[in-house]
Amino acid sequence: MQIELDRVSLAYADKTRPLDDLTLTIPSGQFCAVLGRSGAGKSSLLRLLGGMVAPTGGAARIDGMALSPAMPRALRRRIGQVHQDGALVGEASVAENIVAGAAAAMPLWRALIGLYPAWTRERAVALHLELGLDPAFLAAPVARLSGGQQQRVGVARALMLEPALVLADEPVASVDPDTARQVLSVLAAHRTRLGATVVCALHQPELACAFADRIVVIDEGRIAFDGSPELYRRSHRVETT
Ligand SMILES: Nc1ncnc2c1ncn2[C@@H]1O[C@H](COP(=O)(O)OP(=O)(O)OP(=O)(O)O)[C@@H](O)[C@H]1O
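Anyway, here's the lowdown on the structure attached to this text.

About the criteria used
- Residues numbered from 1 in each chain as written.
- Predicted model: local features only at pLDDT ≥ 70, side-chain atom pairs only at ≥ 80, totals over all residues.
- Heavy atoms only, no water.
- Pairing = 2+ DSSP bridges.
- Helix = DSSP H or I, 4+ residues; strand = E, 2+ residues; numbered from the N terminus.
- Axes fitted to C-alpha atoms, helices over the stretch in contact; angles between N-to-C directions.
- Contact = heavy atoms within 4.5 Å.
- Disulfide = S-S within 2.5 Å.
- Buried < 20%, exposed > 50% of the residue type's maximum accessible area, 1.4 Å probe, protein only.
- Core = buried A, V, L, I, M, F, W, Y, C linked by side-chain atoms within 4.5 Å.

1. Re the sheet that holds strand β10 (residues 222-227)
In a beta sheet, neighbouring strands are held together by backbone hydrogen bonds and run either parallel or antiparallel to one another. One open sheet accounts for 6 strands, arranged β6-β7-β8-β3-β9-β10; its pairing is mixed. Strands at the two margins of the open sheet, each flanked by one partner only, are β6 (79-82) and β10. Averaged over all pairs of adjacent strands, the angle between strand axes in this sheet comes to 15°, irrespective of strand direction. Across 4 bridges, the pairing between strand β3 (residues 31-35) and strand β9 (residues 214-219) is parallel. When the sheet's bridge partners are listed, Ala-33 is paired in β9 with Ile-215. Against the sheet, helix α6 (residues 147-159) engages β6 and β7 (165-169), with an angle of about 175° to β6. Here helix α7 (residues 177-194) sits on the sheet and contacts β3, β7 and β8 (197-201); the angle it forms with β3, its principal contact strand, is near 140°.

Set out below in structure tokens:
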């Protein structure tokens, strides 16, 4: 899916302006890492791309269609989102949290009573293992997992419907370096297999350079850098890992 932001601004009710006149095109199939200090506007950008908030200025489009909280369900189900806070149901099991990522593909009543088809359970288990989680966790309440394990559950849930666009907000913030690489490898493999677009907010420039095709740095709601990992490395002296 191609993303086009044309002079997009976002202002919250309290007049905070996390995105300011931002123009950005992310072509279909690109792995774009979004870097920037805390409070720079990365989560706001991902919320806007996920249709959770509407731009207050400019135009935001995905495959030519307007991005907004009112976008059609058929479009929304093609977007997989990894939320910074996990947005998991703590008392539900890990398996239940992961299969919930398929809810948009079935009638609401089925999701409400947990009547998920067999393929969703099989896919949930496959993703769980691919992300390096212990099979013994599947039946455990998600609240019992560590922060990093919960983040991986959030990634598995986001990939359930094989989304054409993955929006990942700091998906490796709480995991060790090896696990971080494993999680980003899963996102990169998803991109390669399906030609999906991946937009991933990160705080680790070295991981961004290792996995992304393109680095965008946001500062005070504006683009401070936009270029290849090679260019980013040269201009920011990033260690190669
Ligand atoms: N719902 C909201 N209402 C008002 N202001 C908000 C809201 N959400 C975020 N902000 C503000 O918008 C600015 C950008 O926040 P955002 O969460 O997008 O930054 P970020 O780059 O993702 O930061 P971090 O790396 O810490 O997650 C900050 O000043 C933040 O306080």
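There is more to say after this.
2. Considerations on the state of the cysteines
For the coordinates displayed, the defined rule picks out 0 disulfides. Cys-32 carries a free sulfur, and the closest cysteine sulfur to it, the one in Cys-200, is 9.5 Å from it. You can call Cys-32 buried: its relative accessible area is 0%. Judged by its relative accessible area of 0%, Cys-200 is buried.

3. Thoughts on the nonpolar core
Core analysis: the biggest nonpolar cluster contains 48 residues, and Phe-31, Val-153, Val-172, Leu-184, Leu-187, Leu-202 and Ile-215 have the highest contact counts within it. Other than its neighbours up to four places away in sequence, Ile-215 contacts Ala-33, Leu-35, Ala-208, Cys-209, Phe-225, Asp-226, Gly-227, Ser-228, Pro-229 and Tyr-232. Membership of the second largest hydrophobic core comes to 30 residues, among which are Cys-32, Leu-45, Leu-165 and Val-216.

4. Section: the sheet that holds strand β1 (residues 3-10)
With antiparallel pairing, the 4 strands of this open sheet are ordered in space as β2-β1-β4-β5. The strands lining the two open edges of the sheet, one partner per strand, are β2 (19-26) and β5 (65-66). Bridge analysis of β1 against strand β4 (residues 57-62) gives 5 bridges, and the strand direction is antiparallel. Across the sheet, Leu-5 pairs through a bridge with Ala-60, a residue of β4. In the packing of helix α1 (residues 42-49) onto the sheet, the strands contacted are β1, β2 and β4, and the crossing angle to β1 comes to about 120°.

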